[in-house]
Amino acid sequence: MKMDARPPVLGTEALAVEVGRHRVCRDLDFTLQPADTLVILGRNGAGKSTLLHTLAGLRPVAAGRVLLSGQPYADWPRGHEACLRGLLAQSQPDFFSATVLETALVGRHPYLGRWDWEGPDDERIALAALDTVGLGGFAERQVPTLSGGERQRLAIATLLVQQPRLYLLDEPLAHLDLHHQVAVLDHFHGLAAAGAGVAMVLHDINLTARYASHVLLLDGEGGHVIGPAAEVLTAPRLSAAFGHPLRAVPDGDGMLFVPA
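Residues numbered from 1 in each chain as written. Predicted model: local features only at pLDDT ≥ 70, side-chain atom pairs only at ≥ 80, totals over all residues. Heavy atoms only, no water.

## What about the sheet that holds strand 2 (residues 22–32)?
Adjacent strands of a sheet form backbone hydrogen bonds with each other and so pair up, either parallel or antiparallel. One open sheet accounts for four strands, arranged 2-1-4-5; its pairing is antiparallel. Edge positions in the sheet fall to strand 2 and strand 5 (71–72), since each has one partner strand and no second. Looking at chain direction, strand 1 (residues 10–19) and strand 4 (residues 63–68) are connected through five bridges and run antiparallel. Residue pairing for strand 4: Thr-12 is matched across the bridge by Val-66. (Pairing = 2+ DSSP bridges. Helix = DSSP H or I, 4+ residues; strand = E, 2+ residues; numbered from the N terminus.)

Here's what the structure looks like:
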């Protein structure tokens, strides 16, 4: 990926990831620089979420290393990694009743001491994040009353409240209508432009083409292709990875990919 004077937000060295006997990837080497947006693509079951959780330091590697801001996760003081990287998981379990604002404030926990409570600045950050995702008037709503799309936007707001250097997003567009899909991707594109690193799992190839600077394409059998989006997103590669023929249709300065 492109060179940058700042340290990479994320990197891998000869990384191998496995689930049981299934190999997700092997010999994966890359660096994610500030301002990069990496999209992970692949068919269902290829291991995209497993890989993302490994990049978040939440799963052991089969081989190789994952580096967060140039250091292995184990080298960071306990809890400090949460100030550097944030993960949006696919599902958001709600074990206790809470308001929307209380849930968003969870994102500030990495910055609080053991016995600290959130202060006015934390609440200001949380309210701003809720405004960003269109939940500005929902602060006192109970989370169980939200629709699926509203709950997803609250999860995104909670991640924004965390303010990490690296955003890892597992299917961030789940449950969102087109308007909110584009709004969310526009916002993370802006965060990347401001110096964050973004890596996300998406299913929409054409949104990937629009927003990704780089693409990691998993073939579902342990192989991968990684590189600039324009080089990885070709009809032959995508057809092979997804097991269905696709064709590229010119669309302005880019391409749209449609079933053949």
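Next, the rest of the story.
## Remarks on helix 5 (residues 148–162)
Under the 1.5 Å per step criterion, the end-to-end length of helix 5 is 22 Å for 15 residues, consistent within 8% with the ideal 21 Å. Most of helix 5 sits out of view: 14 of its 15 residues are buried. Positioned one or two residues after helix 5, Gln-163 has a phi angle of 55°, which is positive. (Expected span 1.5 Å × (residues − 1). Buried < 20%, exposed > 50% of the residue type's maximum accessible area, 1.4 Å probe, protein only.)

## Section: the sheet that holds strand 10 (residues 224–228)
Within the open sheet, the six strands sit side by side as 6-7-8-3-9-10. Their pairing is mixed. Of all strands in the sheet, those bounded by a partner on one side alone are strand 6 (85–88) and strand 10. Between one strand axis and the next, the sheet turns through 10° on average, direction left out of account. Relative to strand 8 (residues 197–201), strand 3 (residues 37–41) runs parallel, the two being bridged by four bridges. Counterpart to Leu-38 in the pairing with strand 8 is Ala-199. Along the sheet face, helix 1 (residues 48–55) touches strand 3, strand 6, strand 7 (166–170), strand 8 and strand 9 (214–218) and points at about 155° away from the line of strand 7. Sitting on the sheet, helix 5 is in contact with strand 6 and strand 7, with an inclination near 175° to strand 6. (Axes fitted to C-alpha atoms, helices over the stretch in contact; angles between N-to-C directions. Contact = heavy atoms within 4.5 Å.)

## Comments concerning the nonpolar core
In terms of nonpolar packing, the biggest core is built from 50 residues, with Leu-130, Leu-154, Ile-156, Tyr-167, Leu-169, Phe-188 and Leu-238 touching the most fellow members. Of all the elements, helix 5 adds the most residues to this core, at seven residues. In this structure, Leu-154 is in contact with Val-100, Thr-103, Ala-104, Leu-130, Leu-135, Val-143 and Leu-146, ignoring residues within four places of it in sequence. Counting 27 residues, the second largest nonpolar core, distinct from the first, contains Val-9, Val-17, Ala-199 and Leu-216. (Core = buried A, V, L, I, M, F, W, Y, C linked by side-chain atoms within 4.5 Å.)

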